[in-house]
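# Summary of structural features
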Amino acid sequence: MSGEGKSSVGMAGRLSLQEVDLSCPICCEIFRNPVVLKCSHSFCASCLQKYWTHGARSRDCPLCRTQSEDEPVPSLTLKNLCESYIEESEVLEDKAGEMYCDPGEMCPLHGERLKLFCLLEKEPICVVCHTSRKHKQHDCCPISEAVVDVKEKIKSALGSMQEKKEAFDKIKKSYEDAVECIQVQARFVEWRTREEFAKLHKFLDAEEEARMEALRGEEEEKSRAVTQKIEEMTRDIESVSESIRVLEEEMASEGISVLHKCKSTLARANGTMEDPVMAPGALLDVAKYLGSLNFHVWQKMHDIIKYTPVTLDPNTAAPWLILSDDLASVRDSDEKQKMPDNPERFDPDTAVLGRESFTSGKHSWDVNVGENTAWVVGVAKESVKRKEKVSSVLKNGYLSVYFYHKMYFAGTSPLSRLNLKRNPQRIRVQLDCDKRRVSFYDPQDNTHIYTFNNAITERVFPYFWVGCQQCPLTVEPREVSVKAVEYF
């Protein structure tokens with residue numbers, strides 16, 4: 001009994017010790033391998049050694065400064081007290097953790113721990129809730145299983161959101177590329193517009209100068225002719241004036257002397273000089289210069305103006321394609337250009353559309369294929385997919401003829417082999433939207449190549465596919481004329 005009492009007292013004594021009583025004065029932590037000096041002060045062995053190594057005094061007590069020549073003695077009793085205190089503190093912390101429960105883990109209705117998850121109501125419940133009327137017939141699972149399931153769903157949702165973020169990042173990058181591309185396009189259009197207007201200005205300046213030169217020439221010619229007439233009139237006036245003077249003198253004579261000179265006098269008065277009249281065409285032909293001036297200049301301009309019935313749309317061109325500055329020809333290349341991935345653009349299919357689209361009427365254009373070794377020419381429906389790797393020759397929506405591996409095909413499904421007598425240098429595409437027909441000809445002799453009947457069901461665009469770098473596909477310019485409409 002006395003032994004048990006001592007044990008109880010000893011335990012109570014250890015538990016009543018303050019943490020400061022078991023702490024090293026140097027590091028202020030619970031003693032680790034404590035040692036005691038002759039002055040009865042205790043320290044961690046490592047702390048005391050560091051103090052003596054780096055301190056100003058040699059082997060003195062950090063508290064009372066008493067010199068200690070003997071080696072510090074390990075304090076086993078203090079060491080055991082510290083270890084017991086640490087163990088008991090850890091046990092108390094564990095028990096406190098077990099006893100503590102977050103308010104969110106307790107049922108607000110019954111005060112019980114939430115251990116189940118109602119699958120129908122999608123909420124955590126306690127055991128009492130499970131037997132209540134509200135949840136009695138509901139399927140439930142342990143909280144731990146529900147947590148795993150919900151985390152899986154969250155993980156899936158997180159993956160979806162990350163994919164969506166990546167999609168937004170990609171579209172944002174496309175818009176950023178579009179800003180840069182817009183600036184490049186604007187500078188290109190500005191340069192090309194100024195270049196074309198410079199040609200027109202040069203033509204108009206030359207035409208203006210030619211008309212001014214013609215005007216100056218006619219002015220000089222007409223002025224010279226009129227000046228000659230004035231000189232002739234001056235001489236005639238002098239002659240007439242002399243005759244008048246003579247006649248006036250004869251009129252002043254008296255007597256028979258008038259009769260002696262009457263014959264010559266009357267002959268002079270009745271001379272053969274014709275009455276003066278102004279010659280026609282003396283004035284400038286003003287109407288020739290100013291009549292319908294703009295129209296006549298316009299007529300002459302068609303010699304320098306090139307018209308192509310189809311203009312290639314650079315916003316649809318695959319990044320590998322190179323378009324000419326006038327947007328009339330296209331060829332393939334090895335280098336992929338930096339272009340925005342806008343929805344109108346073909347990628348990776350190396351194709352480009354014409355800017356013009358058709359839903360009605362008749363239309364035609366000639367494409368110079370030359371020595372191109374791989375090409376497709378025709379029309380594409382508006383609904384064709386532009387972002388697929390599958391070659392367009394195998395897809396519906398393309399009404400075209402093909403040249404590949406030195407063979408010609410019509411774009412049917414499956415492809416139809418075409419046997420042509422010669423290799424055409426140009427392909428004429430004739431589109432009749434009202435009859436829903438697309439035909440292909442060799443314009444050299446108008447040889448028929450192939451016709452798609454009843455094939456047009458929606459808006460279509462001129463379509464070009466090219467796989468050759470050396471020889472481009474070129475839309476042939478068309479002759480134009482300017483004329484006035486006659487009414488009868």
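Residues numbered from 1 in each chain as written. Predicted model: local features only at pLDDT ≥ 70, side-chain atom pairs only at ≥ 80, totals over all residues. Heavy atoms only, no water.

Per an unreviewed UniProt entry, the protein chain goes by the name Tripartite motif-containing protein 35 isoform X1 and belongs to Cottoperca gobio.

### Things to note about the environment of Gly-467
Short version of the rule: The secondary structure listing takes helices from DSSP runs of H or I that are at least 4 residues long and strands from runs of E that are at least 2 residues long, numbered from the N terminus. What makes two residues a contact is simply this: any of their non-hydrogen atoms within 4.5 Å.
Mapping Gly-467 onto the fold places it in the loop between β18 (460-466) and β19 (473-475). For the pair formed by Gly-467 and Ser-329, sequence separation is 138 residues and the distance between their alpha carbons is 13 Å. Non-local contacts of Gly-467, meaning those with residues more than four positions away in its chain, are made with Asp-332 and Ala-374.

### Thoughts on the sheet that holds strand β17 (residues 447-452)
Working definition: the strands of a sheet are paired by backbone hydrogen bonds and lie parallel or antiparallel to each other. Just so we agree on the cut-off: For two strands to count as paired, DSSP must find a minimum of two bridges between them.
With antiparallel pairing, seven strands are arranged side by side in an open sheet as β7-β8-β19-β10-β15-β16-β17. Both outer strands of the open sheet, β7 (322-323) and β17, are each paired with one neighbouring strand and no more. The pairing of strand β16 (residues 437-442) with β17 spans five bridges and is antiparallel. Considered in β17, the bridge of Asp-442 is made with Thr-447.

### Some words on the sheet that holds β18
Applicable threshold: For helices, the fitted line uses only the C-alpha atoms of the stretch in contact; every axis is such a line through C-alpha atoms, and the angle between N-to-C directions lies from 0 to 180 degrees.
Here six strands make up an open sheet; going across it, the order is β9-β18-β11-β12-β13-β14 and the pairing antiparallel. Two strands lie at the open edges of the sheet, namely β9 (351-353) and β14 (416-418), each paired on one side alone. Direction aside, neighbouring strands of the sheet carry axes that sit 25° apart on average. Pairing geometry for β9 and β18, over three bridges, is antiparallel. Residue pairing for β18: Ala-351 is matched across the bridge by Trp-465.

### Structural notes on the state of the cysteines
Stated formally: In what follows, a disulfide is any cysteine sulfur pair within 2.5 Å.
Tallied over the full model, the rule gives zero disulfides. Free cysteine Cys-141: the closest other cysteine sulfur is in Cys-140, separated by 7.5 Å.

### A short note on the nonpolar core
Generally speaking, soluble globular proteins have nonpolar side chains that are buried together. The following threshold applies: Side-chain atoms within 4.5 Å are what join buried Ala, Val, Leu, Ile, Met, Phe, Trp, Tyr and Cys residues into a set we call a nonpolar core. Only protein chains enter the accessibility calculation, which uses a 1.4 Å probe; a residue whose area is less than 20% of its type maximum is buried, one above 50% is exposed, and one in between is partly exposed.
Core analysis: the largest hydrophobic core is formed by 50 residues, its most contacted members being Trp-365, Trp-375, Val-438, Tyr-463, Phe-464 and Leu-473. Take this core: its biggest share by element is six residues, from β18. Of all hydrophobic cores here, the second largest spans 14 residues; its members include Leu-22, Cys-24, Ile-30 and Cys-47.

### Brief notes about the pattern of salt bridges
Here is the rule: Should a side-chain nitrogen of Lys or Arg be within 4 Å of a carboxyl oxygen of Asp or Glu, the pair is scored as a salt bridge.
Across all of its chains, the model carries 29 salt bridges by this definition. For Glu-180, the salt bridge is made with Lys-338, and the minimal N-O distance between the two is 3.3 Å. In this pair, Glu-180 sits in helix α5 (residues 143-252) while Lys-338 sits in the loop between β8 (329-331) and β9, placing the two residues 158 residues apart along the sequence. Owing to a relative accessible area of 39%, Glu-180 belongs among the partly exposed residues under this scheme. Here Arg-192 ties to Glu-196 by a salt bridge, and the two come within 3.1 Å at their closest N and O atoms. One end of the pair, Arg-192, and the other, Glu-196, are both in helix α5, four residues apart, so they sit about a helical turn from each other.

### Quick word on the pairing of β18
Along any regular strand, the residues point their side chains to alternate faces of the sheet. Most of β18 sits out of view: seven of its seven residues are buried. The pairing of strand β11 (residues 375-381) with β18 spans seven bridges and is classified as antiparallel. Bridge pairing in β18 places Val-376 opposite Trp-465.

### Some thoughts on the packing of aromatic side chains
Selection criterion: For this analysis, a ring pair means two rings from Phe, Tyr or Trp (six-membered ring only for Trp) whose centres lie within 6.5 Å, classed as stacked if their planes differ by under 30 degrees, edge-to-face if by over 60, and tilted for the remaining angles. Only when the NZ atom of a Lys or the CZ atom of an Arg is both within 6 Å of the ring centre and within 35 degrees of the ring normal do we say a charge sits over the ring.
In total, this model carries 11 aromatic pairs according to the counting rule given. Between Phe-403 and Tyr-408, the ring centres sit 4.5 Å apart and the planes meet at 35°, which makes this aromatic pair tilted. The residues Phe-403 and Tyr-408 share a single accessibility class, namely buried. An aromatic cluster of at least three residues, connected via ring pairs, comprises Phe-346, Tyr-398 and Tyr-463. Above the plane of the ring of Trp-191 lies Arg-192, whose end atom (NZ or CZ) is 6.0 Å from the centre.

### A few points about the side chain of Ser-329
Along the chain, Ser-329 falls in strand β8. Residue classification places Ser-329 among the buried residues on the basis of a relative accessible area of 15%. Among all residues touching Ser-329, those that are not within four sequence positions of it are Leu-312, Ile-322, Leu-323, Ser-324, Pro-472, Leu-473 and Thr-474.

### Concerning the UniProt feature "domain: B box-type" (unreviewed entry) in the protein chain
Basically, it comes down to this: UniProt positions are given in the numbering used here, feature names are shortened, and annotations may be inferred rather than shown by experiment.
This chain's UniProt record puts "domain: B box-type" (unreviewed entry) on residues 102-143. Strand forms 21% of residues 102-143 and helix 14%; the C-alpha atoms that close the span are 15 Å apart.

### Observations concerning the environment of Ser-42
Residue position: Ser-42 is located in strand β2 (residues 42-44). When the C-alpha positions of Ser-42 and Leu-312 are compared, they lie 94 Å apart, and in sequence the two are 270 residues distant.

### Topic: the pairing of strand β10 (residues 362-368)
Bridge count between β10 and strand β15 (residues 426-432): seven bridges; the pairing is antiparallel. The residue of β15 that forms the bridge with Ser-364 is Gln-430.

### A word on a nonpolar patch on the surface
In plain terms, the rule: Each patch is built from residues lacking any salt bridge and having more than 30% relative accessible area; the joining distance is 9 Å for like charges and 5 Å for nonpolar side chains (Val, Leu, Ile, Met, Phe, Trp, Tyr). Shrake-Rupley sampling with a 1.4 Å probe provides the accessible areas, and residues are treated as covered by the protein chains on show and by no other component.
A cluster of nonpolar side chains, namely Leu-284, Val-286, Leu-290 and Leu-293, defines an oily patch on the protein surface of about 330 Å² accessible area. Within the secondary structure layout, Leu-284 lies in the loop between α6 (257-269) and α7 (286-290). You can call Leu-284 partly exposed: its relative accessible area is 34%.

### Some details on unusual backbone geometry
Residues Asp-347 and Pro-348 are joined by a peptide bond in cis, for which omega reads 15°. Across the junction of Ser-413 and Pro-414, the peptide omega takes the value 0°, indicating a cis bond. As for its placement among the helices and strands, Pro-414 is situated in the loop between β13 (407-410) and β14. The backbone of Cys-28 shows a phi angle near 60°, a positive value even though the residue is not glycine. Assignment of secondary structure puts Cys-28 in the loop between α1 (2-16) and β1 (34-36). On the basis of relative accessible area, Cys-28 is assigned to the exposed category, the value being 59%. Of note in the backbone geometry, Leu-327 takes a positive phi value of approximately 60° without being a glycine. As for its position among the elements, Leu-327 is in the loop between β7 and β8.

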